[in-house]
Amino acid sequence: NNKKLLSQLSLLPSSPPPSPIKWNLIQATKTLLHLIHARITYHCTYHRTESILSVFFCASFLLMMHHIQIKHHHQSSSSSSSSKYYVDPFLHSKIDNDLSHIHSKVDLHIGDVDHWCIHGGDVSCVCEDPTEPTFGGGYVDSFLGEKEEEEEEVDDSAKHWMKAHTKNKKRAERIAELFSSGKQGTLSEDIEDWDDDWDHVMDDLYNSEDENDKEEEEGEDDATTTTTNVPSSSSSSNTIDVVFLGDSITEQRQGTQFGEIVDDYIGIKKVFEKQFTKEKGGMFDGIALGLAGDTSPNLLWRIMNGEIPPNLNPAVFWITIGTNDFLKTQCSEEVVLLGILRIVEEIQYQKPSSIIVINSILPISTRSNGVLDDRGPFRKVKTTVVHDSNIWWPAIVSVNNELEKFASEQHNVKYFDANKVFVEERSDGTYIVEGTMMRANVHPSKEGHKAWGKAITERLDIILNKKHEI
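Residues numbered from 1 in each chain as written. Predicted model: local features only at pLDDT ≥ 70, side-chain atom pairs only at ≥ 80, totals over all residues. Heavy atoms only, no water.

J.: Which residues make up the confidence of the model for the protein chain, and what values go with them?
T.: In the predicted model, the protein chain carries a mean pLDDT of 78, and 71% of its residues have values of at least 70. In the predicted structure, residues 77-85 sits below a pLDDT of 50 and forms 13 contacts with residues beyond four places in sequence or in another chain. Below pLDDT 50 for its whole length, residues 185-226 participates in 53 contacts with residues either more than four positions away or in separate chains. (pLDDT = per-residue confidence, 0-100. Contact = heavy atoms within 4.5 Å.)

Printed below as a string of structure tokens:
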């Protein structure tokens, strides 16, 4: 029976083989997208928190990896001499905020400062608030000693600074009185005259008096009585022509450092007196009120505490400040600029009838040959370390440019470019003038002060005698 059945089945027509399934890419894509959408909808509906956290962590991970990659790239670029990335230090030092139109101290905002330190950031320096007066002598090179020793050094530095400030204050008061009274002659500085003020101020600061120090000071005072040449007041005007305000560069014109006579500066003092004392052949009468190591906030403190007394009304205030804001407190270009402008605004507030001349910040070179820019004015540094060739010069140029711009927008404010005296362009770059113009490429020498004073006299002749500037 089985054989018969099989024979009958074999006579039936055979069914055709099944046709192969055709792959529809479009339909498959739609199906996959619907599936993904359904899965996302499900998770967002029933696992909302987990979904949000997953997205957040994934994005954070990607950003972190991107940041690490960029940091690694910068490090490898700065350490490799074959880096393809170039940084122009002069462009990097450019100050973005325009401060040329300010008219009072309320227009100076430290909140707009991008970074406080010249190397970047806000914590790698001891930069002070440039808009607030700061008592001087508080910062010394005391990073190597113990804490107690550092405090003693700071206190000692502050005492010397206060003594020098008190001397300047007394000199300013006496010279102002001399001119306002029409007297003539020289002024003998008896230190005992200002000791009383010193004791009073220092008692307030330290609440104590060191008897040993007092005895030593009295001994020194008995041994040394300095005679300061006072400009003649024989002219028809009862005001002095020019008062120079600044740091150690200005104090050297007094022949002193922290108020004490320094033999190396006697020549500079004689040059200054010859150029800025009419009785000695100078065209104008001038005095110098400087203090070594001062930053802009230190000078601001001094002029707010007696160094420009009410009866001292010169025709011109000549300001030279900013070097120590870079070298000492390591401030950024914008902070240095703010500090200088704050001084200008304070003098304008106290002496609105006087003309203010802002002297350019003098050049500083870190190299023995005095090079400032060894690749010419359009150089590019082959590294991402911006201050590679000279740490200070691009910053100084930036601040000076802004000071010149500020002066051009203000009434009774002038800018004087002293770099015409101290800087020269050569075929291979920019240099401090070759020779003996600057000692250690920071402070002007006797010859430097002589050339600088001559240029200042020519500018004062233009300003005070109303001559046309060429």
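Moving on from the model shown.
J.: Explain the state of the cysteines to me, and be specific about the residues and the numbers.
T.: Applying the stated criterion across every chain yields a total of two disulfides. A sulfur-sulfur distance of 2.0 Å marks the disulfide that ties C117 to C125. One quick way to see it: the torsion about the S-S bond of C117 and C125 is about -75°, and its sign makes the bridge left-handed. Across this residue pair, the class does not change: C117 and C125 are buried. (Disulfide = S-S within 2.5 Å. Buried < 20%, exposed > 50% of the residue type's maximum accessible area, 1.4 Å probe, protein only.)

J.: Report on the packing of helix 9 (residues 266-275) against helix 15 (residues 446-464), specifying residues and quantitative values.
T.: The interhelical angle for the contact between helix 9 and helix 15, taken along N-to-C directions, is 20°, at an axis separation of 9 Å. One way to sum up the angle between helix 9 and helix 15 is to call them roughly parallel. Our pair here, helix 9 against helix 15, has a crossing hand that is right-handed. Facing helix 9, whose interface residues are G267, I268, V271 and Q275, helix 15 presents K446, H449, K450, G453, K454 and T457. Tallied by class, the residues present in the contact of helix 9 with helix 15 amount to two nonpolar, five polar and three charged. (Axes fitted to C-alpha atoms, helices over the stretch in contact; angles between N-to-C directions. Helix = DSSP H or I, 4+ residues; strand = E, 2+ residues; numbered from the N terminus. Parallel < 35°, antiparallel > 145°, perpendicular 65-115°, else oblique. Left-handed = near helix turned anticlockwise from the far one by under 90°. Nonpolar A, V, L, I, M, F, W, Y, C, P; charged D, E, K, R; others polar.)

J.: Let's hear about the packing of aromatic side chains: which residues, and what values?
T.: If you walk through the whole model with that rule in mind, you get eleven aromatic pairs. Pairing F244 with F272 gives two aromatic rings, centres 5.6 Å apart and planes at 75°, and the pair type is edge-to-face. Note that F244 is positioned in strand 3 (residues 242-246) and F272 in helix 9, a separation of 28 residues in sequence. F272 carries the same exposure label as F244, and that label is buried. Ring centres of F244 and F276 lie 5.1 Å apart, and the angle between their planes is 70°; on these two criteria the pair is classed as edge-to-face. Taken as a pair, F244 in strand 3 and F276 in the loop between helix 9 and strand 6 (286-290) lie far apart in primary sequence, 32 residues in all. (Phe/Tyr/Trp six-rings, centres within 6.5 Å; stacked < 30°, edge-to-face > 60°.)

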